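Architecture at a glance
Okay, here's what each chain looks like letter by letter:
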Amino acid sequence: MADERNFRSTYYEKVGCRSVEERKSLEILLKDKPLNVLKLKQFCIRFTVPNIHRSVLWNFLLGVTPAYTDSCKYVMTQREAVYDDLLRALQVMRIVDDKTPKPRVLYAMWLLETKQLCLGYDLNQECHFSNITEVLLQSFDNDIEIYWMAKGFHEYSQEIIEEMGKLSDLTGTILEKEDNGLYIHLKSCDILPVLPLEKWYGSFFAGVLPELAIIRIWDKICGGSIKIVIFVLIEILRTLRRRVLRCVDLKSLLECIETVSSNSNFNLARRPTE
């Protein structure tokens, strides 16, 4: 039986299907009472989360739902009440209306809840929160869950911003080790010091990579592996290596990388891991 199971696993991997054993393992973990946050985070880091379980898993790991699943209904009722109050307040103040793009509505709600919204605030300015919600809106249907998940991802984003100095230095160090040729080229062209790392890292490459690639990376973010952003950037550069080596300034490099977001077939050279 063990040989038969191993044969099936190998076959599924070869034809590109998700491992049945991995999915079954996750389903067992999701039946725990209470849910084991450490084990579920480890699963996210090691494997790609099945689409069917991603909403439940992300909601829990991002602090939207509780560890005791019996309390989920009550907690989500409270989340919904907060969501409705924030949205209604913005509508009464005429800050948002039916024509306001959903990412901007959610951003305004977050600003109001965190007491950062002021008269005349420009909701259209680029920000990590809106970039995060745009990705979530493409992947999930429940606006209430999306708002609360966005808040959880934004907390990780703030951790990255706070550590930006260290992450920037680490990016150069790892790139030099992984691909010395790319490192020398980017450094000699004075591109490396001016890379928009805060923008890319703070939004977890939202708008840079196609949705499918982003979602798989965000599985790892939910597992707490925020340093994965460094390895993602390095693999983007290595995947586009020939074109990157022809770039002589930041503008040409950004134009090169911008082509990735519209390419739904784009794949990183290898699966990034921390």
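Residues numbered from 1 in each chain as written. Predicted model: local features only at pLDDT ≥ 70, side-chain atom pairs only at ≥ 80, totals over all residues. Heavy atoms only, no water.

- The name that an unreviewed UniProt entry assigns to the chain is TBC1 domain family member 7, with the source organism given as Aedes aegypti.

**Observations regarding the nonpolar core**
- Core analysis: the biggest nonpolar cluster contains 84 residues, and Trp58, Leu136, Phe153, Tyr201, Phe205 and Trp218 have the highest contact counts within it.
- For this core, the element with the most residues is helix α8 (residues 143-162), which contributes nine residues.
- Apart from the residues lying within four places of it in its own chain, the contact partners of Phe205 are Trp200, Ile214, Val229, Val232, Leu233 and Ile236. (Core = buried A, V, L, I, M, F, W, Y, C linked by side-chain atoms within 4.5 Å. Buried < 20%, exposed > 50% of the residue type's maximum accessible area, 1.4 Å probe, protein only. Helix = DSSP H or I, 4+ residues; strand = E, 2+ residues; numbered from the N terminus. Contact = heavy atoms within 4.5 Å.)

**Some points on the packing of helix α5 (residues 72-92) against α8**
- The N-to-C vectors of α5 and α8 enclose an angle of 90°; their axes lie 10 Å apart at closest approach. With respect to α8, the axis of α5 lies roughly perpendicular. Residues Met76, Arg79, Glu80, Val82, Tyr83 and Leu86 of α5 form the contact with α8, whose own contacting residues are Asp143, Ile144, Glu145, Tyr147 and Trp148.
- For the contact of α5 with α8, the class distribution of residues is seven nonpolar, no polar and four charged. (Axes fitted to C-alpha atoms, helices over the stretch in contact; angles between N-to-C directions. Parallel < 35°, antiparallel > 145°, perpendicular 65-115°, else oblique. Nonpolar A, V, L, I, M, F, W, Y, C, P; charged D, E, K, R; others polar.)

**Brief notes about the pattern of salt bridges**
- Considering all chains together, one arrives at nine salt bridges under this definition.
- Between Lys151 and Glu113 there is a salt bridge whose closest N-O contact spans 3.0 Å. With a gap of 38 residues between them, Lys151 in helix α8 and Glu113 in helix α6 (residues 102-113) connect regions that are remote in the sequence.
- Assessed through its relative accessible area of 17%, Lys151 is described here as buried.
- Judged by relative accessible area, Glu113 falls into the partly exposed class, the value being 28%.
- Here the salt bridges share partners, and the residues they tie into one network are Glu178, Glu235 and Arg238. (Salt bridge = Lys/Arg side-chain N within 4 Å of Asp/Glu carboxyl O.)

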